[in-house]
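A look at the structure
Read off the chains here:
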Amino acid sequence: MAKGRRNTRSRNASGSEAAAGPEAGIYPIDTGTCELIRDHLTDGWIITVNGAQSSHINLTDPAQLDFEYMQWIAEIAKEHWESDARLRVLHLGAGACTLARYFAATYPAARQVAVDIDQRLTELVREWFDLPRAPLLRLRVGDARAVTESLTESTRDLIIRDVFAGTRTPPALTTLEFTQQVRRVLAPGGIYVINCGDTRDLSLARSEAATLGAVFEQLTVIADPAMLKGRRYGNIVIAGSDVPFGDSPALTRNLLGGVPAQVWLDPKVRSFAAAGKVLRD
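Attention here is on the structure that accompanies the text. Sequence order as written defines the numbering, with residues in each chain counted from 1. For this predicted model, a pLDDT threshold of at least 70 governs which residues receive local features, and a threshold of 80 or more governs which side-chain atom pairs are given and counted, while totals over whole chains, interfaces and linings are taken from all residues. With hydrogens and water stripped out, all remaining heavy atoms of the structure feed into the side-chain values.

Regarding the environment of A110
- Along the chain, the position of A110 falls in the loop between helix 2 (98–106) and strand 6 (111–116).
- Placed 24 residues apart in sequence, A110 and R86 show a C-alpha to C-alpha distance of 4.8 Å.
- The residues contacting A110, other than those within four sequence positions of it, are A85, L87, F103 and L136. The secondary structure listing takes helices from DSSP runs of H or I that are at least 4 residues long and strands from runs of E that are at least 2 residues long, numbered from the N terminus. Throughout, a contact is declared for two residues whenever any of their heavy atoms are within 4.5 Å.

Below, the structure written as structure tokens:
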């Protein structure tokens, strides 16, 4: 199962050449191999890690998000924060820092930390792409759980979990105990968003929703309707917070603008999660 599905209908055409730095090829990294593939329809690059599509970067437009689940995460943030917010963002799973580049472009006052276990990959990404420098964006090499547990409480507004080992998120990052650590690190009103990759039976998504629901007062889910009906495998975005998630016309309109997505608010998410089990260490 691919980590993310690209929404090609949202992409911009550009005839410009890529900036010096990236070069197509396969590169050894600490966890295996990374392939950099030129995207000839945009001024961009596709990054695969160990054969799975991981990221897409548009060099001239950091606000372009090709992967659907990244668009959904961005919409959740837009619903809660204005563009001048001094967001404190923690990315668990840095990849090519696509979302970090997006937040840097759309929230110029944001301060971000992106965590990845693969040091060589973070070095390559820093060489290839125009990533903001510290303190706007800090790249931290380490285990996502260990880093989260080391952070001071109430110091992040948005935490995004997008960590995959192969096709699944490491179990240690799905449990109640880890989610409680995330809640500790979030400031009041903060949001925890996860990218859950699941099969058609949706058993993992139900359990992940049940686990977040045991920690957070409010939940929301965004996904392709076909995914929520168990007709295909793919990505489901689940978010938890201590403040309600809205269902504004703007959110609905934006989600229908590309590949149509459906939003579930707290009562429906908890009904969906009722058949799941809370995951524990």
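Observations regarding unusual backbone geometry
- Here the amide bond leading from A134 into P135 is cis, since omega sits at 10°, within 30 degrees of zero.
- Secondary-structure assignment places P135 in the loop between helix 3 (119–128) and strand 7 (137–141).
- With a phi angle near 65°, C97 is a residue other than glycine that sits in the positive phi range.
- Looking at the secondary structure, you find C97 in the loop between strand 5 (88–92) and helix 2.
- Whether a residue is buried, partly exposed or exposed follows from its accessible area with a 1.4 Å probe, protein chains only, as a fraction of its type maximum: under 20%, in between, or over 50%, in that order. On the basis of relative accessible area, C97 is assigned to the buried category, the value being 3%.
- In this structure, L202 is a non-glycine residue whose phi angle is positive, near 60°.
- By secondary structure assignment, the location of L202 is in the loop between strand 9 (186–198) and helix 6 (203–213).
- Judged by its relative accessible area of 2%, L202 falls in the buried class.

Considering the sheet that holds strand 4 (residues 52–58)
- Pairing between strands is defined by DSSP: at least two bridges between the two strands are required. The strand order across the open sheet formed by 4 strands is 1-2-3-4, and the pairing between neighbours is antiparallel. With one partner strand each, in any of the chains shown, strand 1 (25–29) and strand 4 form the two edges of the open sheet. Each strand axis lies, on average, 25° off the axis of its neighbour in the sheet, ignoring direction.
- Here strand 3 (residues 44–49) runs beside strand 4; their pairing, made up of 6 bridges, is antiparallel. Looking at strand 4, one finds that W45 is bridged to I57. Axis angles are defined between N-to-C directions and span 0 to 180 degrees, where every axis is a line fitted to C-alpha atoms and, for a helix, only to the segment in contact.

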